[in-house]
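Spelled out, the chains give:
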Amino acid sequence: MTHPEVIVVGAGPTGLTLANELGLAGVRTLVLERTLRRSGQSKALNLQPRTAEMFDLRGWLDPLADRALTALPWGHFAGIALDYGALDTRFPYQVGIPQARVEGFLEDRLAAQGVPVLRGHELTGFAQDAGGVSVTAEGPGGARAFRAAYLVGADGGRSRVRKELGVGFPGRDARVSLAVADVELEDDPALPTEWRPPPFEAGHGPTAALTPLGDGVFRFVFGGVPYADVPRDAPVTEDEVRAALNTGPGHHPRLRALRWGSRFTDASRQAESYVDGRVLLAGDAAHVHLPAGGQGLNLGVQDAFNLGWKLAAVVRGRGPEGLLGSYHDERHPVGAAVLENTRAQGALALPDVDARAVRAVVADLLSGPEANRRVAGLISGLDLRYPMPGAPAHPLLGRRLPRLRLPAGRGLLLGPDASPLRGWADRVDWSPAPDRVLVRPDGYVCWAGGGEGAPEGEGPEPALRRWFGAPS
Ligand SMILES: Cc1cc2nc3c(=O)[nH]c(=O)nc-3n(C[C@H](O)[C@H](O)[C@H](O)COP(=O)(O)OP(=O)(O)OC[C@H]3O[C@@H](n4cnc5c(N)ncnc54)[C@H](O)[C@@H]3O)c2cc1C
């Protein structure tokens, strides 16, 4: 490959989504990944409805759904079920699919595009200057040097890119250590056959924490012990899993084999800035939190959809002033809101009588349709609204426009005629419609005609300039 224009560090769901978006928009992209092969770990098990919509935007949802294990008409808040049937979407359910399968699909798409993923290459350092970023990585054959115009750290919660940048990562340290493991269990009619909201309350039996993955394999989440009691990198052992399976009331399944295990915590931190010159952060590299409600992968994938088209435009020299900065401005508050709600969920799980009392009140409230819709809208990602400075007020502004198919990197003008696109037709498509709406490549409305307070006859030109650059 000639010099890449963007180097993405990390072939997790965030980096792979971003690399696909960049590649499809014609950007020469290279992914560096330190592991030699995908771990196969079933970390995230779900695509939230908004992520499903975004994958559908590019035509990827159907093939992903073919790899899914189930579809769940509910979400949850601290284990309290939310009815997703109330959501206004074509996909009022979580797609139940292990993270490794999502990664596998995205990596296959990259291979089909010819975007290289250099496995076994660990970023060890970088330096940025006015013209680009020089990167060093340790590969199977020793140290290697790369150069690109931009570098994106999608390298997970312990991000080397974030640490080297020295960007602040304020928040709260871990208090609790938990473990997750894929386990093979002895045949047993008492084992769960369906997915359920995870047990957040203390005092449940082990079967409540088991999610069936097929072929006698279950995902088992356990622990909840003080963080100081367990070294972060201590391997999860068979003895430990066996002991956890024997803890608590009810049935005690028997372990046949431990496939893999790993530890996670309730640490809650967010990078102060997602953009520093030519270096950007996305996904867990930018935010870590308790994986409560099933949001982390989804948040990272949506970071990637927000960033991809913006970075592609900037690389092409068509990015208007402030476009990359809008990635931070839009996504930082979304990440902060997820940190807030996951901390709230963690507090509801505390093993004390007062937390249990608050939990009972919250469960009661969530059984009402309005509260259910509000919280389901939050956790599903559907209620997101980006501020669109400078655009006249309109109910659609900043909101997603579902039911679209958009090519990566291209916007869409809906309206009675295409004439406003003179000068932008190389970046924005037109589709006939009675209402006039301008949609960004990530599916969010950045201008809508005829809104409240809109000057008579004002067209989409200011929004076209703001989001798509000067006309050609
Ligand atoms: C037990 C558990 C359950 C979870 N459940 C859910 C869920 O149900 N739903 C949900 O949405 N989320 C869930 N999550 C969170 C989700 O797994 C993460 O948010 C997601 O993996 C983040 O993706 P990422 O691509 O940003 O980072 P990662 O998946 O961490 O990927 C980072 C990649 O970067 C690579 N890397 C790191 N350093 C370097 C380097 N120096 N050079 C090169 N490569 C490097 C790593 O090897 C890795 O492949 C869960 C997490 C855990 C632990």
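Owing to the predicted nature of the structure, the values given are computational and were not obtained by experimental measurement.

Asks: Any chance you could explain the packing of helix α1 (residues 13–24) against helix α7 (residues 296–315) here in plain terms?
Replies: Helix packing geometry: the angle between the two helix axes and the distance between the axes. Relative to each other, α1 and α7 sit at 25°, their axes nearing to 8 Å. For the element pair α1 / α7, the angle class is roughly parallel. α1 and α7 meet at a crossing whose hand is right-handed. Together, P13, T14, T17, L18, E21 and L22 of α1 and L297, G300, V301, A304, F305, L307, G308, L311 and A312 of α7 make up the contact between the two elements.

Asks: Looking at this model, I keep getting lost on the domain arrangement of the protein. Mind explaining?
Replies: How big an interface is tends to be expressed through the accessible area that disappears when the partners come together. Taken domain by domain, the protein consists of domain 1 (6–169 + 269–380), domain 2 (176–266) and domain 3 (389–472). For domain 1 versus domain 2, the separation of C-alpha centres amounts to 25 Å. Domain 1 puts 25 residues into the contact, and the matching count from domain 2 is 18 residues. Interface area for domain 1 against domain 2, summed over the two sides, is near 1800 Å², with a carbon-plus-sulfur share of 68%. Where domain 1 meets domain 2, there are one salt bridge.

Asks: I'm lost on the site of the ligand in this one. Help?
Replies: Every one of the 33 residues lining the ligand counts as a neighbour, but T14, E33, N46, Q99 and L297 are closest to it. Contacts to the ligand include L45, whose backbone N or O atom sits 3.4 Å from an oxygen atom. A distance of 2.9 Å separates a nitrogen atom of the ligand from a polar backbone atom of L123. Notes on the ligand: free accessible area 1000 Å², of which the protein chains cover 89%. Among the elements that line the shell around the ligand, the one with the most residues is α7, at three residues. Here the residues of the shell around the ligand sort into twelve nonpolar, 13 polar and eight charged. The residues that make up the shell around the ligand include at least three from each of domain 1 (6–169 + 269–380) and domain 2 (176–266).

Asks: Got a minute to help me understand the environment of R385 in this structure?
Replies: Structurally, R385 is set in the loop between α10 (369–380) and β22 (411–415). Taking relative accessible area as the criterion, R385 reaches 38% and is therefore assigned partly exposed. For the pair R385 and D88, spaced 297 residues apart in sequence, the C-alpha to C-alpha distance is 15 Å. When residues no more than four places from it in sequence are discounted, the contact partners of R385 are H394, P395, L396, L397, G398 and R399.

Asks: What is the right way to read the pairing of β22 from this model?
Replies: Two faces make up the sheet, and in a regular strand the side chains alternate between them. Burial within β22 is extensive, with five of its five residues counted as buried. Burial along β22 is two-sided: the face carrying G411, L413 and G415 and the face carrying L412 and L414 are both buried. Bridge count between β22 and strand β23 (residues 428–432): five bridges; the pairing is parallel. Note on β23: the bridge partner recorded for G415 is P432. In the sheet, β22 pairs with strand β24 (residues 437–439) via three bridges, with the strands oriented antiparallel.

Asks: Just checking my understanding: could you explain the pattern of salt bridges for this structure?
Replies: Where charged atoms from two side chains of opposite charge come close, those side chains can pair. This structure, assessed with the given rule, holds 30 salt bridges. A salt bridge links R440 to E330; the shortest N-O distance between them is 2.8 Å. A residue pair is termed long-range when its members are at least 10 positions apart, and R440 in the loop between β24 and β25 (445–448) and E330 in helix α8 (residues 323–348) qualify at 110 residues. With relative accessibility at 5%, the residue E330 sits in the buried group. A salt bridge links E461 to R465; its shortest N-O distance comes to 3.1 Å. Here R465 and E461 lie together in helix α11 (residues 461–468), a separation of four residues that amounts to about one turn. The class of E461 is partly exposed, set by a relative accessible area of 40%. One salt-bridge network, held together by shared partners, links K310, E330, R440 and D442.

Asks: In this structure, what is going on with the sheet that holds strand β3 (residues 46–47)? I would like to understand it.
Replies: Strand pairing in a sheet takes place through backbone hydrogen bonds and is either antiparallel or parallel in direction. The three strands lie next to each other as β3-β7-β4, forming an open sheet whose pairing is antiparallel. For this open sheet the edge positions go to β3 and β4 (70–72), each flanked by a neighbour on one side alone. With three bridges joining them, β4 and strand β7 (residues 94–96) adopt antiparallel strand pairing. Paired with A71 across the bridge in β7 is V95.

Asks: Explain the pairing of strand β12 (residues 150–153) here, please?
Replies: Where burial is concerned, the two faces of β12 agree: the one with Y150 and V152 and the one with L151 and G153 are both buried. In the sheet, strand β1 (residues 6–9) pairs with β12 via four bridges, with the strands oriented parallel. Residue pairing across strands places V8 opposite V152, the latter belonging to β12. For β12 and strand β20 (residues 279–281), the ladder comprises three bridges, and the chain directions are parallel. Bridge pairing in β20 links L151 to V279.

Asks: Before we go on, may I ask you to explain the packing of aromatic side chains in this structure?
Replies: Here a ring pair, both rings aromatic, is described through the centre-centre distance and the interplanar angle of the planes. Applying the stated criterion to the full structure yields ten aromatic pairs. For the pair F55 and F305, a centre-to-centre distance of 5.9 Å together with 65° between the ring planes defines the contact as edge-to-face. On the criterion of sequence distance, the pair formed by F55 in helix α2 (residues 49–57) and F305 in helix α7 is long-range, its members being 250 residues apart. With relative accessibility at 0%, the residue F305 sits in the buried group. Judged by centre distance (5.0 Å) and plane angle (25°), the ring pair of F220 and F222 falls under stacked. An identical accessibility class is assigned to F220 and F222; each is buried. Members of the aromatic cluster, joined through ring pairs, are F55, W60, F105 and F305. The lysine or arginine in question, R162, covers the ring of F169, its NZ or CZ lying 3.5 Å from the ring centre. In this structure, R466 packs its charged tip against the face of W467, placed 5.7 Å from the ring centre.

Each value, and the rule that gives it
- Residues numbered from 1 in each chain as written.
- Predicted model: local features only at pLDDT ≥ 70, side-chain atom pairs only at ≥ 80, totals over all residues.
- Heavy atoms only, no water.
- Axes fitted to C-alpha atoms, helices over the stretch in contact; angles between N-to-C directions.
- Helix = DSSP H or I, 4+ residues; strand = E, 2+ residues; numbered from the N terminus.
- Parallel < 35°, antiparallel > 145°, perpendicular 65-115°, else oblique.
- Left-handed = near helix turned anticlockwise from the far one by under 90°.
- Contact = heavy atoms within 4.5 Å.
- Domains from an automatic or database assignment.
- Buried area = accessible area lost by both parts, 1.4 Å probe.
- Salt bridge = Lys/Arg side-chain N within 4 Å of Asp/Glu carboxyl O.
- Near = heavy atom within 4 Å.
- Polar contact = N/O pair within 3.5 Å; in protein donor to acceptor, adjacent residues only side chain to side chain.
- Areas by Shrake-Rupley, 256 points an atom, 1.4 Å probe, with all protein chains shown as cover.
- Nonpolar A, V, L, I, M, F, W, Y, C, P; charged D, E, K, R; others polar.
- Buried < 20%, exposed > 50% of the residue type's maximum accessible area, 1.4 Å probe, protein only.
- Pairing = 2+ DSSP bridges.
- Phe/Tyr/Trp six-rings, centres within 6.5 Å; stacked < 30°, edge-to-face > 60°.
- Lys NZ or Arg CZ within 6 Å of the ring centre and 35° of its normal.

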